[in-house]
Amino acid sequence: MKLIFKSLGTVPLRRFLSTVPKPLNPVQEAALEERCILVDQHDQECGFASKRDCHRLVDGKLPLHRAFSVFLFNTKDELLLQQRSSTKITFPDHYTNSCCSHPLYEIEHERKDLEGAKAAACRRLVFELGIPSSQCQPKDLQYITRIRYMSEGDGTWGEHEIDYIFILHKDVALDPNPDEVSTALYIPKSKMNKFLKNLRHPITPWFNLIAQNELTNWWDNLRSLEKVMNHKEIISY
């Protein structure tokens, strides 16, 4: 599948969700054994659990764990979105923000709250989007806030996270990993609402919440992000 990196106005995006059950992709299944950092409602570390156990619903419940979401804007102030690969176990084929994942318990420096989340974000920007590590250092990430949300997803796999939000505002080179990303594209603010309205694929629950409640304000203040920072509280949805 050819990957796409252009502004929205030049790219036709029409794909349909498969209704045929697929076996788990071995790369994605192996990733389920990585360990997420469990936290309490105040984002204090309280243990670990595998990605499988953090995301597989049991009696409608999921452990609360730490995550991050990166919103990458180029110097034209366009936002990079990705469509998650169809082989992803959680939210396959969904559109979402530029990069989202988890700090890992087994990587010691990723357990250091904010700095750990930044380190994990840089690791995943390299892994998912192929951005050279020299272009996505922790110092390049602007921490905005944390959000807490839960989604039951498809009824089998879901999310329950405290999500660190970072903005990366610079031009970068992209070489996405097809095991993670099927499509990547930059979208200008003026076309975002139309893009989301006309999608034939769903969007991830965390991106949906952010797009509805926070994204416009962040986008309007890309050059004065101190106006939108909220480091004192965890925003709950």
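All values reported here derive from a predicted model rather than from experimental measurement. (Residues numbered from 1 in each chain as written. Predicted model: local features only at pLDDT ≥ 70, side-chain atom pairs only at ≥ 80, totals over all residues. Heavy atoms only, no water.)

Here we come to the overall build of the protein. Check the secondary structure of the protein and you find six helices and ten strands. For the protein, with 237 residues in total, the buried portion stands at 53%. (Helix = DSSP H or I, 4+ residues; strand = E, 2+ residues; numbered from the N terminus. Buried < 20%, exposed > 50% of the residue type's maximum accessible area, 1.4 Å probe, protein only.)

Soluble, globular proteins show a tendency: their nonpolar side chains are buried together. In this structure, Phe-71, Leu-215 and Trp-218 are the most contacted members of the largest nonpolar core, which totals 27 residues. Elements that contribute at least two residues to this core include exactly β3 (65-73), β4 (79-84), β7 (142-151), β8 (159-169), β9 (181-187), α4 (189-198), α5 (205-213) and α6 (215-220). With residues up to four places along the chain from it excluded, the contact list for Trp-218 reads Phe-71, Ile-144, Thr-145, Ile-165, Ile-167, Ile-210, Leu-225 and Val-228. With 22 residues, the next largest nonpolar core counts Val-70, Leu-129, Ile-131 and Leu-168 among its residues. (Core = buried A, V, L, I, M, F, W, Y, C linked by side-chain atoms within 4.5 Å. Contact = heavy atoms within 4.5 Å.)

With that settled, consider unusual backbone geometry. One non-glycine residue, Phe-91, lies in the positive phi region at around 55°. Tracing the sequence through the fold places Phe-91 in the loop between β4 and β5 (95-96). In this structure, Asp-93 takes a positive phi of about 70° despite not being glycine. With relative accessibility at 14%, the residue Asp-93 sits in the buried group.

Inspection of the entire model under this criterion finds 15 salt bridges. The partner of Arg-66 in a salt bridge is Asp-43, with the nearest N and O atoms 3.0 Å apart. Within this pair, whereas Arg-66 is found in strand β3, its partner Asp-43 is found in the loop between β1 (35-39) and β2 (45-50), the two being separated by 23 residues in sequence. The exposure class of Asp-43 is buried, given its relative accessible area of 2%. Here Arg-124 ties to Glu-128 by a salt bridge, and the two come within 3.0 Å at their closest N and O atoms. On the criterion of helical spacing, the pair formed by Arg-124 and Glu-128 is a turn pair, its members being four residues apart in helix α3 (residues 113-129). Classification of Arg-124 as buried rests on a relative accessible area of 7%. When its relative accessible area of 3% is taken as the criterion, Glu-128 is described as buried. A cluster of three or more residues bridged by salt bridges with shared partners is formed by Asp-43, Arg-66, Asp-113 and Arg-146. (Salt bridge = Lys/Arg side-chain N within 4 Å of Asp/Glu carboxyl O.)

Moving on, we get to the confidence of the model for the protein. Summary statistics for the protein give a mean pLDDT of 90 and a share of 90% for residues scoring 70 or more. When the criterion is pLDDT under 50, residues 1-21 qualifies, and its contacts beyond four places in sequence or with other chains add up to 46 contacts. (pLDDT = per-residue confidence, 0-100.)

In this structure the tally under the stated criterion is ten aromatic pairs. For the ring pair Tyr-95 and Phe-195, a centre distance of 5.7 Å and an interplane angle of 85° mean the geometry is edge-to-face. Note that Tyr-95 is positioned in strand β5 and Phe-195 in helix α4, a separation of 100 residues in sequence. For Phe-195, a relative accessible area of 7% puts it in the buried group. Here the aromatic rings of Tyr-149 and Trp-206 are separated by 6.4 Å at their centres, their planes lie at 45°, and the arrangement is tilted. You can see Tyr-149 sitting in strand β7 and its partner Trp-206 sitting in helix α5, a full 57 residues away along the chain. Accessibility classification places Tyr-149 together with Trp-206 in one group, the buried group. Taken together, the ring pairs connect Phe-71, Phe-207 and Trp-218 into an aromatic cluster. A cation over an aromatic ring shows up here: Arg-35 above the ring of Phe-48, its NZ or CZ 4.7 Å from the ring centre. Here the basic side chain of Arg-56 rests over the ring of Trp-157, its NZ or CZ set 5.0 Å away from the ring centre. (Phe/Tyr/Trp six-rings, centres within 6.5 Å; stacked < 30°, edge-to-face > 60°. Lys NZ or Arg CZ within 6 Å of the ring centre and 35° of its normal.)

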